[in-house]
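Residue strings, one per chain:
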Amino acid sequence: MVLDPVAPGRPLLWPPVVERLQALLPDAPVYIVGGAVRDAFLQRPLKDLDLAAPSDGRPLARQIADALHGAYYPLDPQRRVGRALITWQDQDITIDVAQFRGPDLLADLTLRDFTVNAMAVPLAGDLQRIIDPLGGLGDLQARRLRMCAPEAIADDPVRSLRAIRLSITFGLLIEASTRQAVRAAVPHLAQCSAE
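So, here is what we can say about the structure in this document. Only a predicted model underlies this, so the values are computations on that prediction, with no experimental measurement involved.

Of regular secondary structure, the protein chain possesses eight helices and eight strands. For 195 residues, the compact-globule estimate of 2.2 N^0.38 gives 16 Å, and the C-alpha radius of gyration of the protein chain, at 17 Å, lies within 12% of that figure. Expressed as lengths along the three principal axes of its C-alpha atoms, the size of the protein chain is roughly 45 × 40 × 35 Å. Pairs at least 24 residues apart make up 63% of the contacts formed inside the protein chain by residues separated by at least 6 positions. If you sum the accessible surface of the protein chain, you get close to 9900 Å²; carbon and sulfur atoms cover 52% of it. For the protein chain, the separation between the mean place of its 21 positive charges and that of its 23 negative charges on side chains is 5 Å.

Right, dumping it as structure tokens:
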């Protein structure tokens, strides 16, 4: 799998706060990940950003909150995730900063739910190039929803609900093996927390 950034074929639409984050963290090995990249490609407005880094995300989230006069919360100390809540140009924005899920960016992206949420853009790099080792761009263009890994939904049955929501919201057809995994996860939903 290739981690070289590629041009997506259309401009990515980022909120102005992303440029401020670039200036704030000019040399940090931080990546915009997940739904924010998908939405920037689809040119949808962003109200939250997910960032991933090789180290503990909490100090970075605190740095962002302090620099932009926002609030900081240690969202998940066990997984080293911090949250900055800021107001930028009269818009409330949530910025979650997490440590990679695994040893590197590739592992982090592979452990995500669906390929359309498994893309990254280096914050310190060209904001118009996407790291897409699992083919999320192709899936978006083909209007297809596909798991990142065969166990993605079995590992977290709540992802089956997310599959339905993403399919409806973005008009994506759930591909066959993902559809089977969604169906197989339904009996396990009762064991998940209500949250």
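Moving on from the model shown.
As a further point, take helix α7 (residues 158-170). Between the first and last C-alpha of α7 there are 18 Å, a value that for 13 residues agrees with the 18 Å anticipated at 1.5 Å per step. Every buried residue belonging to α7 is among R159, S160, A163, L166, S167 and F170, and all of these are buried. In a view along the axis of α7, the buried residues occupy a sector of 120 degrees, so they form one face of it. Buried residues along α7 sit against α2 (35-41), β7 (144-145), α6 (152-155), β8 (173-174) and α8 (176-185). Phi for G171, located one or two positions after α7, is positive at around 65 degrees.

Our next topic: the sheet that holds strand β2 (residues 48-53). By definition, the strands of a sheet pair up through backbone hydrogen bonds, in either a parallel or an antiparallel sense. Overall, mixed pairing links the six strands, which are arranged β3-β4-β5-β2-β1-β6 in an open sheet. The open sheet terminates on both sides in strands that have one partner only, identified here as β3 (71-76) and β6 (120-122). For this sheet, the mean inter-axis angle between neighbouring strands, taken without regard to orientation, is 30 degrees. Relative to strand β5 (residues 91-99), strand β4 (residues 81-88) is paired through eight bridges, and the arrangement is antiparallel. In the strand pairing of β5, R83 is matched with D96.

The next subject is the side chain of D96. For D96, the position within the fold is in strand β5. When near neighbours in sequence (up to four residues on either side) are disregarded, D96 contacts L49, D50, L51, L75, G82 and R83.

What follows is about the side chain of N117. One can find N117 in the loop between α4 (105-110) and β6. When residues no more than four places from it in sequence are discounted, the contact partners of N117 are G34, G35, R38, R112 and L166.

Mapping R80 onto the fold places it in the loop between β3 and β4. Judged by its relative accessible area of 39%, R80 falls in the partly exposed class. Sequence-wise, R80 and D27 are 53 residues apart; in three dimensions their C-alpha atoms are separated by 20 Å. Not counting the four nearest positions on each side in its chain, R80 is found in contact with D56, G57, R58, V97, A98 and Q99.

Reading the values: the criteria
Residues numbered from 1 in each chain as written. Predicted model: local features only at pLDDT ≥ 70, side-chain atom pairs only at ≥ 80, totals over all residues. Heavy atoms only, no water. Helix = DSSP H or I, 4+ residues; strand = E, 2+ residues; numbered from the N terminus. Rg over C-alpha atoms; globule rule 2.2 N^0.38 Å. Contact = heavy atoms within 4.5 Å. Areas by Shrake-Rupley, 256 points an atom, 1.4 Å probe, with all protein chains shown as cover. Lys, Arg positive; Asp, Glu negative; His and termini not counted. Charge placed at Lys NZ, Arg CZ, Asp CG, Glu CD. Expected span 1.5 Å × (residues − 1). Buried < 20%, exposed > 50% of the residue type's maximum accessible area, 1.4 Å probe, protein only. Arc of directions from axis to C-beta. Pairing = 2+ DSSP bridges. Axes fitted to C-alpha atoms, helices over the stretch in contact; angles between N-to-C directions.

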